[in-house]
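Here is what each chain is made of, one letter per residue.
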Amino acid sequence: MTGFSEYREPLRKERSSVFNVAVIIGISLLAILFRVYVSRFVPYLQYLELPLLVTVYFSLMWRSPIAGLLFGAAIGLAQDSLSHNPLGMFGIVKTLVGYFAASMSLRVDVGNPLLRLVLGFVFFFFHALLYWVLTRALLGQTLQLELVQVLVVAILNAIVAVFLYQFLDRLRITG
Amino acid sequence: MEFFLNRYRNLSILVAAILAQLVLLAYQVKTNGDVRLIRVWAVGAVTPLARWIETGRSGVSHFFSDYFVLLEVREDNKRMKAELDRIKIDNQYLRAELSTADRAQSLAIFQKQSPSKTVAAHIIGNTTGAGAKVVIIDRGSNSGIEPGMAVITPDGIAGKVTKVFAISSFILLVTDQTFAAGVISQNNRVHGTLKGQGYEGAAKIEHIQNEQKIDQGEWFYTSGDDRIFPKGLPVGEVTTVHQGKTEKEIYVSLSGFKNGLEEVLIIVEGVHMPIPDAPVTNQAVHLLAPPPADPDATPALQPSQTGPLSTDADRIKEHWRKVGEQQNHVYGERGNGAPNYNAPAKTEARPENKP
């Protein structure tokens, strides 16, 4: 009897996208730089979590949980390095986001804009909630979680994600 | 075991990655240390890029401002005479120069006047922390910056240095929720602790008992108790003061952020200063000479020429005193009745105002 996993592997490989290494590094760096630099001049843009959106995108498109979690860990640690907090906070959160996004991509059509909108929203909310939990639990800090604000920002990020992902689709080599 | 790892390969790697980062976190929290190498790599990769972008942005911004100034000049040329145009252009140019140079100049003047030794720095970016008020400046250990140094502007305190790299540093702003500094009130010399609130412009003063006196509009200065900020630097003006359960709830508008935050000064060698007695004046205000006395005005409303009288009540009292003197009336004497208050008091001859 043939198991599901035996079919899943070739299917995943067929559908997974390939990107140029320079594109991956460039996009990741730009996403972090955007967070560092652009938000300084347009304060409202600080709510745009580009490193997270980029993590979700690459994890969805690669369809590999290991690649997703490693990419999430790398971009999370880079974000941690440029923050005031100890290293590992964003790292852990984005590792989980990368893993779950890639796991999700094995079961759904990641090219559907509506689905991307929903995934963008869900992962932003998950990211904010988990970061808040970790900050309280591991660092003992009382970071305020304004649920309504998080929901609104999650919707905005999800909308941006749809357009951003369409742009990033053009940078694919295959897939 | 091998079967388990193969079967759950993804999950095993996930658990390993999370565990590794948890250990990293635990190490940092327990030792209060930092994994400097990773930070140095990240900052080293981002800071030069941020500097180039900042340089590019300034260049483009200057180009466009010059372009629009020229456009304006062309329109003026069509409407006005050449002579008048030239004067206008000169005027505009000087104004633009003044406005751009104003901030840097005030910083330079303050730097010269301040007894503390300071290093000027430019803010080149924000950090990536969620909700954290931390910025990156373009000065680091190469410029003599060390963690814990105070950061100020000519208007007041701005924050403190938390992490230092070769060519850049992180500044924890006064508005961050984790920021704290020792402060003292100007009038009553009450000591308290300044705490950031996570939003721009305002902060809270804690640890001041209800019994202690703080007035609205009173200024707070650094007390020097925290061993970071030298004593006597302006912090802000009290906007709200309420009685709490045991401690007062005091909010101040931070003076250091009044004119934006683009350039800052890092205090390399701090010098304590006395708390000034006079209220803080942000800029020099030119006061005209008092207007000449109006001879037709009623004497009761005229300020007295002698003594330190200043209010209307003082002037009315003075008027009644003169009325009493003219009518030989002694106030407070039994059976003396009251003088005629409506009788005009004789005023002293005023010196003529020379043109």
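Here the structure is a predicted model, which means the values were calculated and not measured. Per-chain numbering applies: the sequence of each chain, read as written, is numbered from 1 onward. Following the order in which they are written, the chains are lettered starting with A and the ligands numbered starting with 1. A pLDDT threshold of at least 70 governs which residues receive local features in this predicted model, and a stricter bar of 80 or more applies before side-chain atom pairs are shown or counted, although totals over entire chains, interfaces and linings include all residues.

**Student:** Account for the nonpolar core, naming residues and giving values.
**Tutor:** When buried Ala, Val, Leu, Ile, Met, Phe, Trp, Tyr and Cys residues are joined through C-beta atoms within 7 Å, the set is termed a nonpolar core. Remark: C-beta atoms are placed from the backbone, and a residue is labelled buried if 20 or more other C-beta atoms sit within 10 Å of its own, exposed if 12 or fewer do, or partly exposed between those counts. Val 56 of chain A together with Ile 152, Ile 157, Ile 171, Val 235, Val 264 and Ile 266 of chain B are the most contacted members of the largest nonpolar core, which totals 99 residues. Here this core takes 11 residues from helix α5 (residues 89–105) of chain A, the largest share from any one element. C-beta atoms are first placed from the backbone for all residues, and any pair lying within 7 Å is then listed as a contact. Here Ile 152 of chain B is in contact with Ile 157, Ala 158, Leu 233, Gly 256, Val 264, Leu 265 and Ile 267 of chain B, once residues within four sequence places are set aside. Only runs of H or I of at least four residues qualify as helices and only runs of E of at least two qualify as strands under DSSP, and these elements are numbered from the N terminus.

**Student:** Could you give an account of the packing of helix α4 (residues 65–81) of chain A against helix α2 (residues 9–31) of chain B, naming the residues involved and the relevant values?
**Tutor:** In this description, a line fitted to the C-alpha atoms serves as the axis of each element, helices being fitted only across the stretch in contact, and the angle between N-to-C directions of two axes falls anywhere from 0 to 180 degrees. Two elements in contact, α4 of chain A and α2 of chain B, have axes whose closest approach is 9 Å; the angle formed by their N-to-C orientations is 15 degrees. With respect to each other, α4 of chain A and α2 of chain B are oriented roughly parallel. Considering only the axes of α4 of chain A and α2 of chain B, their crossing is right-handed. Side by side, α4 of chain A and α2 of chain B meet where Pro 65, Ile 66, Leu 69 and Ala 73 of chain A of the first sit next to Asn 10, Ile 13, Leu 14 and Ala 17 of chain B of the second. Gly is placed with the polar residues, together with every amino acid not listed as nonpolar (Ala, Val, Leu, Ile, Met, Phe, Trp, Tyr, Cys and Pro) or charged (Asp, Glu, Lys and Arg). When its residues are assigned to classes, the contact of α4 of chain A with α2 of chain B shows 7 nonpolar, 1 polar and no charged. Each angle receives one of four descriptions, namely roughly parallel if under 35 degrees, roughly antiparallel if over 145, roughly perpendicular if within 65 to 115, and oblique otherwise. Rotating anticlockwise by less than a right angle from the far helix to the near helix defines a left-handed crossing, while the corresponding clockwise rotation defines a right-handed one.

**Student:** Describe the pairing of strand β1 (residues 117–126) of chain B, naming the residues involved and giving the relevant values.
**Tutor:** Residues and elements named next belong to chain B. By the bridge criterion, 6 bridges tie β1 to strand β12 (residues 263–269) in an arrangement that is antiparallel. Within β12, the residue paired with Val 119 across the bridge is Ile 266. Any two strands are treated as partners once DSSP identifies two or more bridges connecting them. Note: β1 against strand β2 (residues 134–137), 3 bridges, orientation antiparallel. Across the sheet, Asn 126 pairs through a bridge with Val 135, a residue of β2.

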